[in-house]
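Descriptive structure summary
Chain by chain, the residues run as shown.
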Amino acid sequence: MPYGHKHYQIETLDALREYLRRTVATQDADIAFYQQTRRAYCDIGSKLDIPSLRGLPYVCLRLPTGGGKTVVACRAIAVAVEEYLRREKPLVLWLAPSDAIVGQTLRALKDRAHPYRQTLESELGQAIEAIGLEEAHALTRATLDGHTTIVVATVQSLRVEGGKKENRKIYEPSGALMPHFDALTPQQQALPLDRYPNGRPIESLANALAVRTPLIIADEAHNLRTRLTFTSLARFCPSLILEWTATPAKDEFSPNVLHHVSAAELKAEGMIKMPIELRTDPDWKNALRDAKTRRDELEKSAALLDGEYVRPIVLLQAQKKGEPVTWDVLEAALRDELKIPANQIAVETGDRSDLEGVNIADRACPVRYVITVDKLREGWDCPFAYVLYSARNLSSKTAVEQILGRVLRMPAATRKPENLDELNHAYAFITSHKFGDAVKALKDSLVASGFEEFDAQHAIIPLQSTLFPTPESGLFAPQPGAAPAKSSQPFEVPQLALQLEDGSWEPFDADEVLEADWHLLDFPATLHEAEFPSHVERERVELDIADRGKLKVALARDYVSIVQDAQLSLLPDDIQDAAQLAVWLDRQIAHRDLDGPQVQTWLLKLLTFLVEERHIPLDQLARERLRLKSAAEAKIKVCRQQAESTALQKLFADESKIAVCDECRFIFDPHVYPVGARYEGIRRFDKHFYDEVGALNGEEEMCAWYLNSLPNVVRWVRNLEKKPDAAFWLQTEANRFYPDFVAELSDGRVAVIEYKGGDRLSNDDTKRKTRVGSLWQARSNGRGVFLMVGAEDYQSRLKVL
């Protein structure tokens, strides 16, 4: 799977995409958020009376440490451009929590060989300019017009009140920036800019960025939610603010968490090492020796990896100055007592930085031990770090919180083979008299890294190795009761399979169906009013200059409209005729299954329809081309789905092509259950295949409870949505269908059960699911049972199993 395309990352971006579409449809960020999450929206602008933030889409996406939030944020820029922003070349103000992270992020975004930059270019094209705040003072209008420009800074550098003296520079007039204010459009003039007493905008860097109504990306956003920060952000007239954090703040300014990824989802996709195997020893030298022994064993295992280089590293946390086990004491013990070669030891403290300019992942790098105190808290990352050693007192989570995160990231973001499962775990050797205290400190630090309490509680286990004695069980946190998965045979479910031309079988997927040619020109090139409205009506606002040159803005929705108009006014007038517009649309719309000339011909016919039949002027279509692009893309998707539906229906009727066969079985992995939201009710489902149970609504809970009580049900799974590698699914004409429950029966059959509320038992989606479920049952030769049940009949229908 390409970098930044893990399933949970795709779901995160899909959640953002859906929210932005709802915001556009409702013209209300509050309503859109409630529609999607069923939670109240915190409108910071209204709460703090900041007009420039009132009614603004301002949401938070939560990913735990190790979840790759930076690469997801890169892809989110493209989602924002496509679904909400009205500019092809947007301005992005990327805020990081510290100068160290700013430097790290900026280097990555500038480097065309780095995955972050490559992600941006794959989504937005090669015209990308990444700069720091100091470089931005020389930013030209031509650069902003022709490039997606990303300005990386700390939020502290934007503050005047309480900030450094040099921070004022971005708000001061600069002659070099005057071209940015030539011929401002009425929409830009209407923005709440810093102004001279006569009402003219000040030629400052802040205003030069503000007239571009930037998208703001806030990294580690839990550090940014203060009144002072909100006021600073408002001065840049943002069009959209996206927060990224592992640990959202819980206070009066609680963020609008749109989507949350769990640690289980990260583990399932090989992003993090789990569990953490822990050993404590009151003697720091004993603990150090054990850490070395574990690292040496891991290096032997790593040598057996096929095609992947991993050099396990121990990250050592020394005590502070004035305490017995300082960094130099640890270095001497490694070198003189454990006979570690000096070139394998690196020190990273305030006094010394051995890793400056060193690529620690390079095969030629000999480093296997890195000693620190606190410096690695920012800007350092190495997935080779497998073992944490700490000589510190871990009575507080702050002593280990960021250090622990360094050993969680998985090399190559890929789970290692089962025969080398030790390389899927992290290890901690702690100097402590009390095992329980160490467990609590590590658990608290995991929670601070974005883990839920349940995930953190059960992520830490005693060291599993014959090399070391097991700690007293009474000191360790209780583990969950053994689920059926822990001791039983593999849970296998027969799949619908498609026969290939060579006679082999593979799981039936719609992508295989459309490998056969389909022709876009077979479908009408039309967009009717409901698909592409002629006009998008937005409320206007009367603007006036108040005291000190500040702009009065009366209503929340009015300000959002002003921002959107300002974005729209910046589109270049480079489309001269229908053919050029068709070519532009073709470049913007992904269509790997269709050749370019066919798509361009269809798009030209579409433009002819819009101009001649719907009487929409071509110049208006050119100005609205971003909205037109979304509508045309959606229409092509509908055509593709219709082609899929027709092809699938033909296949469903052909018993020689679609079957349930022994060659294709889905197997529930006993070690992988990437549950996001989990069931937190009071019932105990003792037959569930996993310790955890995925979220259940009230009606689903009653159905699951009844299923669990049936004597002929051996074990069952709360099947997870949109987890194709960890859940059973069937292909319908429209999409993949993930049934709610999968149960193994005592007679060897498998029951697949979908629960539907009464209002959905007869809709088209239910009919599609029933068709494919019934097909699966019919082709299973008696091995499978499919049931579509509801509140009225689930007991009677499940009882006959």
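The notes below deal with the structure included here.

The rules behind these values
- Residues numbered from 1 in each chain as written.
- Predicted model: local features only at pLDDT ≥ 70, side-chain atom pairs only at ≥ 80, totals over all residues.
- Heavy atoms only, no water.
- Helix = DSSP H or I, 4+ residues; strand = E, 2+ residues; numbered from the N terminus.
- Buried < 20%, exposed > 50% of the residue type's maximum accessible area, 1.4 Å probe, protein only.
- Contact = heavy atoms within 4.5 Å.
- Areas by Shrake-Rupley, 256 points an atom, 1.4 Å probe, with all protein chains shown as cover.
- Phe/Tyr/Trp six-rings, centres within 6.5 Å; stacked < 30°, edge-to-face > 60°.
- Lys NZ or Arg CZ within 6 Å of the ring centre and 35° of its normal.
- Salt bridge = Lys/Arg side-chain N within 4 Å of Asp/Glu carboxyl O.
- Pairing = 2+ DSSP bridges.
- Axes fitted to C-alpha atoms, helices over the stretch in contact; angles between N-to-C directions.
- Parallel < 35°, antiparallel > 145°, perpendicular 65-115°, else oblique.
- Left-handed = near helix turned anticlockwise from the far one by under 90°.
- Expected span 1.5 Å × (residues − 1).
- Polar contact = N/O pair within 3.5 Å; in protein donor to acceptor, adjacent residues only side chain to side chain.
- Core = buried A, V, L, I, M, F, W, Y, C linked by side-chain atoms within 4.5 Å.

1. A word on the overall build of the protein chain
On a plain count of helices and strands, the protein chain comes out with 26 helices and 25 strands. Residues counted as buried form 57% of the 801 residues belonging to the protein chain. Considering only intrachain contacts with a sequence separation of at least 6, the fraction spanning at least 24 residues in the protein chain is 73%. Accessible area of the protein chain: about 34,600 Å², with a carbon and sulfur share of 49%.

2. Section: the packing of aromatic side chains
Using the criterion set out here, one finds 20 aromatic pairs in the structure. When the ring of tyrosine 679 is compared with that of phenylalanine 685, the centres are 5.2 Å apart and the planes differ by 65 degrees; the resulting orientation is edge-to-face. For tyrosine 679, a relative accessible area of 13% corresponds to the buried category. Measuring from ring centre to ring centre gives 6.1 Å for tyrosine 706 and tyrosine 794, while their planes differ by 80 degrees; the resulting arrangement is edge-to-face. Within this pair, whereas tyrosine 706 is found in helix α24 (residues 698–709), its partner tyrosine 794 is found in helix α26 (residues 794–799), the two being separated by 88 residues in sequence. On the basis of relative accessible area, tyrosine 706 is assigned to the buried category, the value being 17%. Relative accessible area serves as the criterion here: at 9%, tyrosine 794 is assigned to the buried category. In this structure an aromatic cluster arises from ring pairing among Phe491, Phe666, Phe668, Tyr673, Phe689 and Tyr690. The aromatic ring of tyrosine 171 is capped on one face by arginine 235, whose charged end is 3.9 Å from the ring centroid. In this structure, arginine 736 packs its charged tip against the face of tryptophan 729, placed 4.1 Å from the ring centre.

3. Things to note about the pattern of salt bridges
With the rule as written, the count across this model stands at 49 salt bridges. The partner of arginine 75 in a salt bridge is glutamate 123, and the shortest N-O contact between them spans 3.2 Å. With arginine 75 in helix α4 (residues 69–83) and glutamate 123 in helix α6 (residues 115–124), the pair connects residues that are 48 residues apart, well separated along the chain. For arginine 75, a relative accessible area of 12% gives the class buried. Lysine 440 is the partner of aspartate 444 in a salt bridge, and the nearest nitrogen-oxygen pair spans 2.9 Å. Separated by four residues within a single helix, aspartate 444 and lysine 440 lie in helix α16 (residues 435–448), roughly one turn from each other.

4. Some words on the sheet that holds strand β15 (residues 491–499)
In space, the three strands of this open sheet follow the order β16-β15-β19, with antiparallel pairing throughout. A single partner strand is all that each edge strand has here, and the edge strands are β16 (505–507) and β19 (658–668). The mean angle between the axes of side-by-side strands here comes to 50 degrees, regardless of whether they run parallel or antiparallel. The pairing of β15 with β19 spans seven bridges and is classified as antiparallel. Residue proline 494 lies in a different strand from β19, and its bridge partner there is arginine 665. The strands that helix α25 (residues 764–779) touches are β15 and β19; relative to β15, the one it contacts most, it runs at about 100 degrees.

5. Description of the sheet that holds strand β11 (residues 369–372)
With respect to topology, seven strands assemble into an open sheet ordered β10-β11-β9-β12-β13-β8-β14, the strand pairing being parallel. Unpaired on one side and paired on the other, β10 (345–348) and β14 (460–462) mark the two borders of the sheet. For this sheet, the mean angle separating the axes of adjacent strands, direction not counted, is 25 degrees. In the sheet, strand β9 (residues 313–317) pairs with β11 via four bridges, with the strands oriented parallel. Paired with leucine 315 across the strands is valine 370, a residue of β11. Across the sheet, helix α13 (residues 284–302) touches β8 (276–281), β9, β11, β12 (385–390) and β13 (426–431), and the angle it forms with β13 is around 165 degrees.

6. What to know about the packing of α13 against helix α14 (residues 327–337)
Here α13 crosses α14 at 60 degrees, and the two axes come no closer than 12 Å. Overall, the two elements α13 and α14 adopt an arrangement that is oblique. In this structure, α13 crosses over α14, and the sense of that crossing is right-handed. Here α13 contributes Trp284, Lys285 and Leu288 to the contact with α14, which in turn contributes Val329, Leu330, Ala333, Leu334 and Glu337.

7. Structural notes on the pairing of strand β6 (residues 240–245)
A large share of β6 lies buried, amounting to six of its six residues. A two-sided burial pattern is seen for β6, the buried positions comprising Leu240, Leu242 and Trp244 on one face and Ile241, Glu243 and Thr245 on the other. Strand direction decides the pairing type here: strand β1 (residues 58–62) and β6, joined by five bridges, are parallel. Bridge pairing links cysteine 60 to glutamate 243 in β6.

8. Re helix α5 (residues 99–110)
Look at α5: 16 Å from first C-alpha to last across twelve residues, which is about the 16 Å you get at 1.5 Å a residue. Residues of α5 that are buried include every one of Ile101, Val102, Gly103, Thr105, Leu106, Ala108 and Leu109, and no others.

9. Some words on the side chain of glutamate 754
Locating glutamate 754 in the fold gives a position in strand β24 (residues 750–755). At a separation of 3.0 Å, a polar atom in the side chain of glutamate 754 contacts the main-chain amide nitrogen of aspartate 740. Each residue touching glutamate 754, except ones within four places of it in the same chain, is listed here: Phe737, Tyr738, Pro739, Asp740, Lys769, Leu787, Met788 and Val789.

10. Considerations on unusual backbone geometry
Going from methionine 274 to proline 275, the amide bond is cis rather than trans, its omega being 0 degrees. Looking at the secondary structure, you find proline 275 in the loop between α12 (263–268) and β8. One non-glycine residue, alanine 183, lies in the positive phi region at around 55 degrees. Structurally, alanine 183 can be placed in the loop between β4 (148–154) and α9 (186–189). With a phi close to 55 degrees, lysine 722 is a non-glycine residue in the positive phi region.

11. Let's talk about the nonpolar core
By size, the foremost hydrophobic cluster in this structure holds 150 residues, and its most contacted members are Tyr389 and Leu446. Looking at which element gives the most residues to this core, the answer is α4, with ten residues. With residues up to four places along the chain from it excluded, the contact list for tyrosine 389 reads Trp284, Ala287, Leu288, Ala291, Val314, Leu315, Leu316, Gln317, Leu330, Phe429 and Thr431. Formed by 33 residues, the second largest nonpolar core is a distinct cluster that contains Phe508, Tyr673, Trp729 and Val752.

12. Looking at the pairing of β13
In terms of burial, β13 is largely enclosed, as six of its six residues are buried. Here β13 shows no split at all, with Ala426, Ala428 and Ile430 on one side and Tyr427, Phe429 and Thr431 on the other all buried. With six bridges connecting them, β8 and β13 associate as parallel partners. Within β13, the residue paired with isoleucine 276 across the bridge is alanine 426. Pairing geometry for β12 and β13, over four bridges, is parallel. Residue pairing across strands places valine 387 opposite tyrosine 427, the latter belonging to β13.

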